[in-house]
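# A closer look at the structure
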Amino acid sequence: MSETSPKLRAELEGIPTYKPGKPAASDGPAAYKLSSNENPYPPLPGVLERVTAAAASFNRYPDMACAALTEELAERFGVPASHVATGTGSVGVAQQLIQATSGPGDEVIYAWRSFEAYPIITQINGARSVQVPLTPGDVHDLDAMAEAITDRTRLIFVCNPNNPTGTVVRRAELERFLDRVPKDVLVVLDEAYREFIRDPEVPDGVELYRERPNVCVLRTFSKAYGLAGLRVGFAIAHEPVAAALRKTAVPFGVSQLAQEAAIASLRAEDELLGRVGSLVCERTRVVDALRAQGWTVPETQANFVWMRLGERTTAFAQACEEHGVVVRPFAGEGVRVTIGEAEANDIFLKVSEAFHKEL
Ligand SMILES: Cc1ncc(COP(=O)(O)O)c(C=O)c1O
């Protein structure tokens, strides 16, 4: 056998691999998965029924244009259908946005730490990441991000609420930032956790997009709507950005099962948002309990909490796992813990209490 291997693009060297949240063990104590910001509720019966019915024809390709879903989304958000673009999860749409805007020599700005797919999808396309540190309070530093813009900047991600810290940027500061961004630079408001926001000062990106042709809003069915396993997300953006997303889409990427589930979920929105409300109550309970235990945790508007544990991160994650909950450690930095079912949150709070007492 020859030693020569196929030539691969140099950009792929050193790409950090996406680290999915660790699954809960099928045996042993780690029964609850609080590591991927998933929705703990099982599918609604009506949604499951529609998906099951669609499964009977999966010998056929899906509707490539996602036409019915696009129409429902356009109506739901009060935007033209030509401004809606669907994709294989919002991470798929984020990758398409990079493909559409940023190649070798171009720069993509985002806060750090933030969603771990940003550096990966930027590097895959040969563009350069410009990571702007969060403030000491773990919030986007929008002034520093505006100052990082150069004539090579093509795209800026603003993750609101931010993954993994749960922190938000509010209306006045975000509008001030958008006013500073050149009109030929695309700003992507990644609102994967939008439905969990209760702070009235956090703007709805869809409102900001209406008057700003360089703003694109990213949303997903994976979190509040509980369809993580089906892979469907979408962007709302003006033309020509939305048209570019249609060009860069993987043909037939969004399965018919995902399209049907998304439509059924939009129609069952009240019930699904009721579940979100219960998770938000749990979030308040968890954050209050952590603070009462003596932890400092940033205000979160997402379905997870962030604990800056530094060197104790790995030990804390291990302690959680030993007691039955899997959390998401970022070694040397902190732990992100998804708000799950009450039993899982209770176990986590017991571990955090014991851990804090030993500090
Ligand atoms: C901020 C953010 N954006 C996008 C995504 C991607 O979600 P999906 O591809 O499932 O829509 C995630 C998932 O964790 C996320 O945290």
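It should be emphasised that the depicted structure is a prediction, and the values quoted were computed from it without experimental measurement.

Rules behind the numbers
Residues numbered from 1 in each chain as written. Predicted model: local features only at pLDDT ≥ 70, side-chain atom pairs only at ≥ 80, totals over all residues. Heavy atoms only, no water. Pairing = 2+ DSSP bridges. Helix = DSSP H or I, 4+ residues; strand = E, 2+ residues; numbered from the N terminus. Axes fitted to C-alpha atoms, helices over the stretch in contact; angles between N-to-C directions. UniProt positions renumbered as here; feature names shortened; annotations may be inferred. Contact = heavy atoms within 4.5 Å. Patch = residues over 30% accessible without salt bridge, like charges linked within 9 Å, V, L, I, M, F, W, Y side chains within 5 Å. Areas by Shrake-Rupley, 256 points an atom, 1.4 Å probe, with all protein chains shown as cover. Salt bridge = Lys/Arg side-chain N within 4 Å of Asp/Glu carboxyl O. Buried < 20%, exposed > 50% of the residue type's maximum accessible area, 1.4 Å probe, protein only.

The sheet built from 3 strands is open, its strands ordered β9-β12-β11 with antiparallel pairing. Edge positions in the sheet fall to β9 (304-307) and β11 (328-330), since each has one partner strand and no second. Between one strand and the next, the sheet's axes are offset by a mean angle of 20°, whatever the strand orientation. For β9 and strand β12 (residues 334-338), the ladder comprises 4 bridges, and the chain directions are antiparallel. The residue bridging Met307 from the neighbouring strand is Val335, located in β12.

Further remarks concern the UniProt feature "domain: Aminotransferase class I/classII large" (unreviewed entry) in the protein chain. UniProt's feature table lists "domain: Aminotransferase class I/classII large" (unreviewed entry) at residues 33-349, given in the numbering used throughout. For residues 33-349, helix accounts for 41% and strand for 17%, while the C-alpha atoms at its two ends are 14 Å apart.

Below, the discussion takes up the sheet that holds strand β4 (residues 128-133). Note: strands within a sheet are paired through backbone hydrogen bonds, in either parallel or antiparallel orientation. Spatial ordering of the open sheet is given by β2-β8-β7-β6-β5-β3-β4, a layout of 7 strands whose pairing is mixed. Two strands close off the open sheet at either side, each with one partner strand: β2 (84-87) and β4. Direction aside, neighbouring strands of the sheet carry axes that sit 25° apart on average. Examined bridge by bridge, strand β3 (residues 107-112) and strand β5 (residues 153-159) share 3 bridges and lie parallel to one another.

Taken from the UniProt record, the annotation "modified residue: N6-(pyridoxal phosphate)lysine" (unreviewed entry) applies to Lys223. Here Lys223 is to be found in the loop between β7 (215-220) and β8 (233-236). Those residues in contact with Lys223, other than ones at most four positions away along the chain, are Ser36, Asn37, Asn39, Ala192, Tyr193 and Phe196.

A cluster of nonpolar side chains, namely Tyr61, Met64 and Phe252, defines an oily patch on the protein surface of about 380 Å² accessible area. By the element assignment, Met64 lies in the loop between α1 (45-55) and α2 (67-77). Overall, Met64 belongs to the exposed group, its relative accessible area being 52%.

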